[in-house]
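Structural overview
Residue-level listing of the chains:
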Amino acid sequence: MSTSPRFRSTAVEQAEAVLVEQYPRLVRLAYLTLPDSLGRHGRVLLAHRAVQRALPRRGGVAGPGGPEGSGGALAEVRVRVLRGCLAPAGRTGAALARAGWPPVPPFVWGLRLWPPAGGIEEVARMLAGEPAPVRAAFVLHRVDGLPEETAARLLGAAGAPADAMARALALGVGETLLRELRRPEFDASVVSTRPTDLLRRRRRVRAGWAAAAALAVAAGALAVVGPARPHASRPVAVGVLDPARLERVPAQAWADTARIDFTAWPARGGRTTDRALLGRALGAWSSASPPHAPAPPQPTPGPPAVGRATPRPAAVGRAALGSAALVPAAVGRAGSGAGSLGSGGRRGVAAVGGGVVVRAAPGVDTDPPRRAPQLLYAGDSDGRAVVLLLDGDRVVRYAEAVTGRGARELDFARTDEAGVTTAAALTLVRSPDGGRARYLLAPWIAAAGTRDLLRAGEDAKPLALAADGVTAPVEVPRSAGACAAWPALEVTSSARIVEKHSFVLADLGTLTPVHLTYTPLPDGPGAAAARQPREATGAAARAAWAATACRLPEMRGMRDGGVRAVNIWEFASSELPDGGGRAVWSCTRTSSWAGPGDVLVRLSPAAGPPQDVARAPDTAACGRFGQHLLAGTRWRSPAGRWYLLAAGSREVTGITASGAVRAEARGRTLAAPAGPEAAAVELTGRLASGGRVTALDGGGGGRD
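To start, this report covers the structure provided alongside it. For clarity, every value in this text was computed on a predicted model and none was experimentally measured.

The rules behind each value
- Residues numbered from 1 in each chain as written.
- Predicted model: local features only at pLDDT ≥ 70, side-chain atom pairs only at ≥ 80, totals over all residues.
- Heavy atoms only, no water.
- Axes fitted to C-alpha atoms, helices over the stretch in contact; angles between N-to-C directions.
- Helix = DSSP H or I, 4+ residues; strand = E, 2+ residues; numbered from the N terminus.
- Parallel < 35°, antiparallel > 145°, perpendicular 65-115°, else oblique.
- Left-handed = near helix turned anticlockwise from the far one by under 90°.
- Contact = heavy atoms within 4.5 Å.
- Nonpolar A, V, L, I, M, F, W, Y, C, P; charged D, E, K, R; others polar.
- Buried < 20%, exposed > 50% of the residue type's maximum accessible area, 1.4 Å probe, protein only.
- Pairing = 2+ DSSP bridges.
- Phe/Tyr/Trp six-rings, centres within 6.5 Å; stacked < 30°, edge-to-face > 60°.
- Lys NZ or Arg CZ within 6 Å of the ring centre and 35° of its normal.
- Expected span 1.5 Å × (residues − 1).
- Polar contact = N/O pair within 3.5 Å; in protein donor to acceptor, adjacent residues only side chain to side chain.
- Disulfide = S-S within 2.5 Å.
- Arc of directions from axis to C-beta.
- Core = buried A, V, L, I, M, F, W, Y, C linked by side-chain atoms within 4.5 Å.

**Re the packing of helix α4 (residues 72-86) against helix α7 (residues 132-143)**
Closest axis-to-axis distance for the α4/α7 pair is 10 Å, and the angle between their directions is 155 degrees. Between α4 and α7, the angle is such that the two are roughly antiparallel. The hand of the α4/α7 crossing is right-handed. Only Ala-132, Pro-133, Ala-136 and Leu-140 of α7 make contact with α4, whose side of the interface consists of Arg-78, Leu-82 and Leu-86. Broken down by class, the residue content of the contact of α4 with α7 amounts to six nonpolar, no polar and one charged.

Now the structure itself:
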């Protein structure tokens, strides 16, 4: 039986009403299904385009959710959204896809768009690497809450493979994050916007007209003299290599803006008007070959983790109890020449192109700028001429010898969503032996000092600052020998930004120093309500970092774009059996600029060295979207008896052990006798909300 035109028109109107009503959920489905290689800006635009093009045409054939289908108009719109995200549109799109070309997002003039931090972006990072059909199945079933059969039927109608749902069911994403996405006030269609520079756009239009005129003249010349020889350099936008076009921010701009990051840095240094130096820096950037991907460098021997490498019991989850593993030794800084920043373990790959040594953190491209970058610094320091430039979400450092001939260097670092603390300093130059460094501090830094993290009782020593914000030489952690000291910067923000705000920065051998923070115990002396990590300047924070600082070299090896911040979260304390005293459980989270982080859970008894409990890479645990934590380990008391110890975070109300050790305890801690032999034990924690959390074990544990 055919459908009348009037009925088809009504069906289209119903689909339009559903599309408008469910627009945020459809955008969320499209955004998470599209490939993450498109970047946040392109992904947002393509997601909105896919949803808006999902409206059926009048006279179109009803799909699985049509008037005679079981899913209704919403099901048909979902299928059309999935088809738009899973398969290229038309023959041209299919041909481009076979050739490896990504879809082209709509063009937006003058704005950059991206989802707000957290929420949908956090899920996108967790699903990165999974095929698009699997991501789509995950959203339909786990986020939108469709039954498994309904979601599978929609995926089949959209052309997804049959195993997509089965693979999506195996993915582990915490319920806390999913609940955040399902909250009524969360709107996935809301985006953050940032304008491109207005004056720069005006100059770009003028440059475009000039380029068009030059192209017309060149075309006329070619018609007369024939084609010229191809140029060897890579294409660069007109005006980008002109030092006169570099963006320069006024000296007091940071005091008159609500955006405190690298974009508020003025141009400083004694050579900001040296067109020759600036031209060499821009030329080296434009002509240097991008880094290739050789095998990662092997770490050089460094100081032991805490004085010496010690065996640690395996984490308690589904792992065996008591199996020993050595704590990795500290990773030393890779060798570097005089004044170079060094690659800092697995910081990135290095390549030589055009006579320039190029180092880039993984995930940071070294392509030439598409527009004139912002000048942050140009000057001489310790025999090196240094230029610092900002291009969007990356900072670039160029260095050359002031006198004589020597290697030229380019260092690239991520700086996306930097703030008051993470945009407070950049490494300017290092001494030839790598033992000292100078830093360029942000214009909102009013005072600076140095402090040894291993000596909690000592105050910071004043650090001299030049008028242009360059520090005096500062000792940096040694990459070899015993861990006898760990120098760090303690800086204070201007009262024009925030009053009485000091924070600590650590040098891990990269261009951007790392922000150190601390979260105290949720109960006992000094307890406070749950909130963001605090600055590592108080007495409790200093004591915690004194016991952890020597482990910082292990964090140089983060492979996803460099370390942004490290936080120590003391999430529980417990009385140890047989008079062992009171122990503190802590989780040290190393957060990368890309979002994911590595965590290390430790048990620190009243006497004796801390004991490693569990590790987990690329996880949300111990962060904003991983606030529920449970961990356990075997421990030998002063009396020689073995115990199973476990502890949970603030919301844990009970702990159950099963397997080789069977025990149950109310509250946030558990201590039960355990045999001397390694045995499999599974821990489960009950949450105040009625949910469950498993023990962090470096595998699938730690999810709630």
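**Some details on the pairing of strand β6 (residues 356-360)**
Of all five residues that make up β6, four are buried, and the element is covered over most of its length. In this structure, β6 lies alongside strand β10 (residues 408-414), joined through five bridges in parallel fashion. When the sheet's bridge partners are listed, Val-357 is paired in β10 with Glu-409.

**Quick look at the sheet that holds strand β28 (residues 669-673)**
Pairing in this open sheet of three strands is antiparallel, and the strands run β24-β25-β28 from one edge to the other. Each edge of the open sheet is held by one strand with a lone partner, namely β24 (630-636) and β28. Geometrically, the sheet is characterised by an average inter-axis angle of 20 degrees between neighbouring strands, direction not taken into account.

**Points about the packing of aromatic side chains**
Each pair of aromatic rings is reported with the distance of its centres and the angle of its planes. Tallied over the full model, the rule gives four aromatic pairs. Relative to Trp-265, the ring of Phe-262 lies with its centre 5.2 Å away and its plane at 50 degrees, an arrangement referred to as tilted. The class of Phe-262 is buried, set by a relative accessible area of 2%. Where Trp-569 meets Phe-571, the ring centres are 5.6 Å apart and the plane angle is 55 degrees; that geometry is what we call tilted. The buried category is assigned to Trp-569, whose relative accessible area is 14%. Residue Phe-571 is classed as buried on the basis of its relative accessible area, which comes to 0%. Taken together through their ring pairs, the aromatic side chains of Trp-569, Phe-571 and Trp-585 make up a single cluster. If you follow Arg-43 out to its NZ or CZ, it ends over the ring of Tyr-31, 4.7 Å from the centre.

**Quick word on helix α12 (residues 275-287)**
Between its first and last C-alpha, α12 extends 18 Å over 13 residues, near the 18 Å set by a 1.5 Å rise per residue. Within the sequence span of α12, burial applies to Leu-277, Leu-278, Ala-281, Leu-282, Ala-284, Trp-285 and Ser-286. On the buried face of α12, the contacting elements are β6, β7 (374-381), β8 (384-391), β9 (394-401) and β10. Residue Asp-274 occupies the N-cap position of α12, its side-chain oxygen lying 3.2 Å from the main-chain nitrogen of Ala-276.

**Structural notes on the sheet that holds strand β12 (residues 436-441)**
Strand pairing in a sheet takes place through backbone hydrogen bonds and is either antiparallel or parallel in direction. Judged by pairing direction, the sheet is antiparallel, and its three strands sit side by side in the order β11-β12-β15 without closing on themselves. Every other strand in the sheet has two partners, leaving β11 (425-430) and β15 (474-475) as the edge strands with one partner each. Bridging between β12 and β15 involves two bridges; their strand directions are antiparallel. Of the residues in β15, the one forming a bridge with Arg-436 is Glu-475.

**Topic: the state of the cysteines**
With the rule as written, the count across this model stands at two disulfides. What pairs with Cys-483 in a disulfide is Cys-550, and their sulfur atoms sit 1.9 Å apart. Taking the torsion about the sulfur-sulfur bond, which here is approximately -90 degrees, the covalent link between Cys-483 and Cys-550 counts as left-handed. One end of the pair, Cys-483, is in the loop between β15 and β16 (487-493); the other, Cys-550, is in the loop between α13 (539-546) and β20 (563-576), and 67 residues separate them in sequence. Each of the two residues, Cys-483 as well as Cys-550, counts as buried.

**Description of helix α8 (residues 148-157)**
Taken together, the buried positions of α8 are Ala-151, Leu-154 and Leu-155. Viewed along the axis of α8, the buried residues span an arc of 100 degrees, placing them on a single side of the element. Structurally, α8 contributes buried residues whose contacts are with α4, α7 and α9 (164-169). Residue Gly-159 follows α8 closely and has a positive phi angle near 90 degrees.

**Here's the deal with the pairing of strand β26 (residues 652-659)**
For β26 and strand β29 (residues 681-687), the ladder comprises seven bridges, and the chain directions are antiparallel. Pairing of Gly-659 across the sheet is with Val-681, part of β29. With four bridges joining them, β26 and strand β27 (residues 663-666) adopt antiparallel strand pairing. Bridged to Thr-656 within β27 is Glu-664. Once β26 ends, the chain turns through three residues before running back antiparallel as β27.

**Notes on the packing of helix α2 (residues 23-33) against α4**
Running from amino to carboxyl end, α2 crosses α4 at an angle of 25 degrees, the nearest separation of the two axes being 9 Å. As far as their axial angle goes, α4 and α2 are roughly parallel. Here the hand of the crossing between α2 and α4 comes out right-handed. Note on element contacts: α4 touches α2 through Leu-74, Val-77, Arg-78, Val-81, Leu-82, Cys-85 and Leu-86, opposite Arg-25, Leu-26, Leu-29, Ala-30 and Thr-33.

**Quick look at the nonpolar core**
Ranked by internal contacts, the top residues of the largest apolar core, which has 47 residues, are Val-51, Val-81, Phe-138, Leu-140 and Leu-155. Elements supplying a minimum of two residues to this core: α1 (5-21), α2, α3 (39-52), α4, α6 (120-127), α7, α8 and α9. Sorting elements by how many residues they give to this core places α4 first, with eight residues. Ignoring anything within four residues of it in the chain, the contact list for Leu-155 reads Leu-82, Pro-133, Ala-136, Ala-137, Leu-140, Ala-160 and Met-165. Ranked by size, the runner-up nonpolar core spans 37 residues in total, among them Tyr-377, Leu-390, Ala-437 and Val-476.

**Some thoughts on unusual backbone geometry**
One non-glycine residue with positive phi stands out, namely Asp-382, at about 50 degrees. Phi at Glu-417 is positive, roughly 55 degrees, even though this residue is not glycine. With respect to the secondary-structure elements, Glu-417 resides in the loop between β10 and β11.

So far we have only geometry, and geometry alone does not tell us how the molecule works.
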